[in-house]
Amino acid sequence: MIRLTPRTITDPKKLLSELARVKKRGVAFSCGERVMDGLCAISTPIFDADGGVHYCLTVTLTPFRLQAKGREKLFNLVKEGAKAISLKMGAPMSHSKSNSPREPREVYNGSDKRTEKKRMFV
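Our subject in this report is the structure included herewith. Nothing here was measured: the structure is a model prediction, and the numbers come from that model.

**Some details on the overall build of the chain**
In terms of helices and strands, the chain carries 3 helices and 5 strands. Along its sequence from the N terminus, the chain presents helices and strands in the succession α-β-β-β-α-α-β-β. In the chain, buried positions account for 29% of the 122 residues. In the chain, the proportion of contacts linking residues at least 24 apart, taken out of those at least 6 apart, comes to 42%. Working note: accessible area of the chain is about 8,500 Å², and carbon and sulfur atoms make up 57% of it.

Structure representation (structure tokens):
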């Protein structure tokens, strides 16, 4: 792994730990890992109808704006935005703290002229 700044995670164990933290809280956060003291980023997944992740919603901002707006408040706003997009893509989401799909179940989608059975995650 290439170190871009002194804050870039290059240790595999630390990276695995950070990935576990991201999965638990449903949002990824970095500040100064790619551009020193220049940008912070908040990202969260966007799920499709099958529960897959092919996109994410990312907001970048300066450390000053992050502090002014509040990190937790911004985490929640980004997660809410990604959840709204996921719902429009056909992926019902539960009302939990994480932004991950739940157990699969069969649902009927009558959005077109025929009723189509789909496997959805809730």
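**Quick word on the sheet that holds strand β3 (residues 53–61)**
The antiparallel open sheet is built from 3 strands, whose spatial order is β1-β2-β3. Looking along the sheet, the strands with just one partner apiece sit at the ends: β1 (28–31) and β3. Taken over all neighbouring pairs, the strand axes of this sheet differ in orientation by 20° on average, direction set aside. Where strand β2 (residues 40–47) meets β3, 8 bridges bridge the pair, whose relative direction is antiparallel. Its bridge partner lying in β3, S43 is registered against T58. Those strands touched by helix α3 (residues 71–88) are β1, β2 and β3, and its axis lies near 25° from that of β2.

The rules behind the values
- Residues numbered from 1 in each chain as written.
- Predicted model: local features only at pLDDT ≥ 70, side-chain atom pairs only at ≥ 80, totals over all residues.
- Heavy atoms only, no water.
- Helix = DSSP H or I, 4+ residues; strand = E, 2+ residues; numbered from the N terminus.
- Buried < 20%, exposed > 50% of the residue type's maximum accessible area, 1.4 Å probe, protein only.
- Contact = heavy atoms within 4.5 Å.
- Areas by Shrake-Rupley, 256 points an atom, 1.4 Å probe, with all protein chains shown as cover.
- Pairing = 2+ DSSP bridges.
- Axes fitted to C-alpha atoms, helices over the stretch in contact; angles between N-to-C directions.

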